[in-house]
Amino acid sequence: MNFESLNLRPELLKAVTELGYENQTPIQERAIPALIAGRDVLGQAQTGTGKTAAFALPLLEKLDYSQRSVQGLVLAPTRELANQVAEAIYQYGKHLGARVLAIYGGSPYVRQIKRLESGVHVVVGTPGRVIDLIEKGALDLSTVRYLVLDEADEMLKMGFIDDVETILRSTPDDRQTALFSAT
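None of the values given here were measured: they were computed from a predicted structure. Here the residue numbering is sequential within each chain, running from 1 through the sequence in written order. For a predicted model such as this one, the threshold for reporting local features is a pLDDT of at least 70, and the threshold for listing and counting side-chain atom pairs is 80 or more; totals across whole chains, interfaces and linings nevertheless cover every residue. Side-chain measures here rest on the full set of heavy atoms in the structure, leaving out hydrogens and waters.

Structural notes on the overall build of the protein
Piece 1. A tally of regular secondary structure across the protein gives 8 helices and 6 strands.
Piece 2. Moving toward the C terminus, one meets the helices and strands of the protein in the order α-α-β-α-β-α-β-α-β-α-β-α-α-β.
Piece 3. Here the C-alpha radius of gyration of the protein, 15 Å, is about what a compact globule of 183 residues would show, namely 16 Å.
Piece 4. Looking at the protein residue by residue over its 183 residues, the buried ones come to 51%.
Piece 5. Counted over contacts in the protein with a minimum sequence separation of 6, partners at least 24 positions apart contribute 70%.
Piece 6. For the protein, the accessible area works out to roughly 8600 Å², and carbon and sulfur atoms hold 49% of it.
Piece 7. The charge count treats Lys and Arg as positive and Asp and Glu as negative. His and the chain ends do not count. Where a charge sits is defined by one atom per residue type, namely NZ (Lys), CZ (Arg), CG (Asp) or CD (Glu). Across the protein, the centroid of the 19 positively charged side chains sits 5 Å from that of the 23 negatively charged ones. Only DSSP runs of H or I covering at least 4 residues are called helices, and only runs of E covering at least 2 are called strands; the numbering of each starts at the N terminus. Radius of gyration: C-alpha atoms only; globule rule: 2.2 Å multiplied by the number of residues to the exponent 0.38. For every residue, the accessible area (1.4 Å probe, protein chains only) is compared with the maximum for its type, and the residue is labelled buried under 20%, exposed over 50%, or partly exposed between those bounds. We call two residues contacting when some pair of their heavy atoms lies within 4.5 Å. Only the protein chains shown count as covering a residue, and every accessible area follows the Shrake-Rupley method with a 1.4 Å probe.

Notes on the packing of aromatic side chains
Piece 1. Working definition: a ring pair exists when centres of Phe, Tyr or Trp rings (six-membered ring for Trp) sit within 6.5 Å. Plane angles under 30 degrees give stacked, over 60 give edge-to-face, the rest tilted. Taken as a whole and assessed by the stated rule, the structure comprises 3 aromatic pairs.
Piece 2. Plain terms: the ring middles of Phe3 and Tyr21 are 6.0 Å apart, the flat faces sit at 40° to each other, and that makes the pair tilted. Pair noted here: Phe3 is in the segment before α1 (10–18) and Tyr21 is in the loop between α1 and α2 (26–36), with a separation of 18 residues, a long-range link.
Piece 3. Accessibility expressed as a relative area gives 31% for Tyr21, which makes it partly exposed.
Piece 4. Aromatic side chains Tyr21 and Tyr92 sit 6.0 Å apart centroid to centroid with 70° between the ring planes, which places their arrangement in the edge-to-face category. Taken together, the positions of Tyr21 in the loop between α1 and α2 and Tyr92 in helix α4 (residues 79–93) put the pair 71 residues apart, joining distant regions of the chain.
Piece 5. Note on criteria: charge over ring means Lys NZ or Arg CZ within 6 Å of the ring centre, with the direction from the centre no more than 35 degrees off the ring normal. Positioned above the aromatic ring of Tyr109, the side-chain terminus of Arg129 is 3.8 Å from the ring centre.
Piece 6. Seen from the ring of Tyr109, Lys136 lies directly overhead, with NZ or CZ sitting 4.5 Å from the centre.

Description of the pattern of salt bridges
Piece 1. The working definition used for a salt bridge is a side-chain nitrogen of Lys or Arg within 4 Å of a carboxyl oxygen of Asp or Glu. Throughout the structure, instances matching the rule amount to 2 salt bridges.
Piece 2. Glu18 is paired through a salt bridge with Lys94; the nearest N and O atoms lie 3.6 Å apart. Placement of Glu18 in helix α1 and of Lys94 in the loop between α4 and β3 (100–103) is noted, with a sequence separation of 76 residues between them.
Piece 3. Given a relative accessible area of 34%, Lys94 falls into the partly exposed group.
Piece 4. One salt bridge connects Glu154 with Lys157, and the closest N-O pair in it is separated by 3.5 Å. Taken together, the residues Glu154 and Lys157, both in helix α7 (residues 152–157) and 3 residues apart, mark about one turn of the helix.

Considering the side chain of Glu151
Piece 1. Considering the arrangement of structural elements, one finds Glu151 in the loop between β5 (146–150) and α7.
Piece 2. Apart from residues lying up to four places away in sequence, Glu151 is in contact with Lys51, Pro77, Leu81, Phe180, Ser181 and Ala182.

Structural notes on the layout of surface pockets
Piece 1. Its boundaries defined by the atoms lining it, the largest pocket holds a volume of some 280 Å³.
Piece 2. Only α3 (51–62) and α4 provide two or more residues apiece to the lining of the largest pocket.
Piece 3. Note on residue categories: nonpolar means Ala, Val, Leu, Ile, Met, Phe, Trp, Tyr, Cys or Pro, charged means Asp, Glu, Lys or Arg, and polar means any other residue, Gly included. Across the lining of the largest pocket, the residue classes break down as 5 nonpolar, 9 polar and 3 charged.
Piece 4. Detection works on a 1 Å grid of protein atoms alone, calling trapped sets that fit a 1.4 Å probe cavities and calling open sets with protein on both sides within 12 Å along at least five of seven lines pockets, with lining residues defined by an atom within 4 Å of a point. Together, Asn83, Ala86, Glu87, Tyr90, Val100, Leu101, Ala102, Tyr104, Ser107, Arg111, Gln112 and Arg115 line the second largest pocket.
Piece 5. Of all the secondary-structure elements, those providing two or more residues to the lining of the second largest pocket are α4, β3 and α5 (109–118).
Piece 6. When residues of the lining of the second largest pocket are assigned to their parent elements, the largest contribution, 4 residues, is made by α4. Grid points are joined across faces, edges and corners, and a volume is the space filled by probe spheres set on the points.

Interpretation in functional terms is not warranted from these geometric data alone.
Structure follows, in structure tokens:
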């Protein structure tokens, strides 16, 4: 199936076309319609099969761009993955003016806090830094409507379960949740 069949915003279709995407992968065919419909999703597919687009396109479709609050939160187990996912979400949402911020340890707090203060729509972060910024009062997750655990299996293997549960308690109970893993 092609991406036009999803009835996404024209700005998203433009970005997908510019990135050279033609047809959806199996994980995208199954996950995108379910996420757009508001259902929680557990997705499993091998690395390189388009999982990021499978959760990012519905997230970007559903954001309210008139608001400058964090509406989407993506948790990733490593800074490398957080950067990769944040860049992909930025590329998909660039024609919509999506404001995306990657937060992770090893990067100065000041820069991340200033970006949060200026308003972002999507935060992609590692659990430890997300908790640090919540505790500092710099990251408010009360407006999160869409939560993704990317590489959820790896986060659990790395011992992040308590951190993930702490973060989940900082988000609204009625948020939409998606868990994606490669294994």
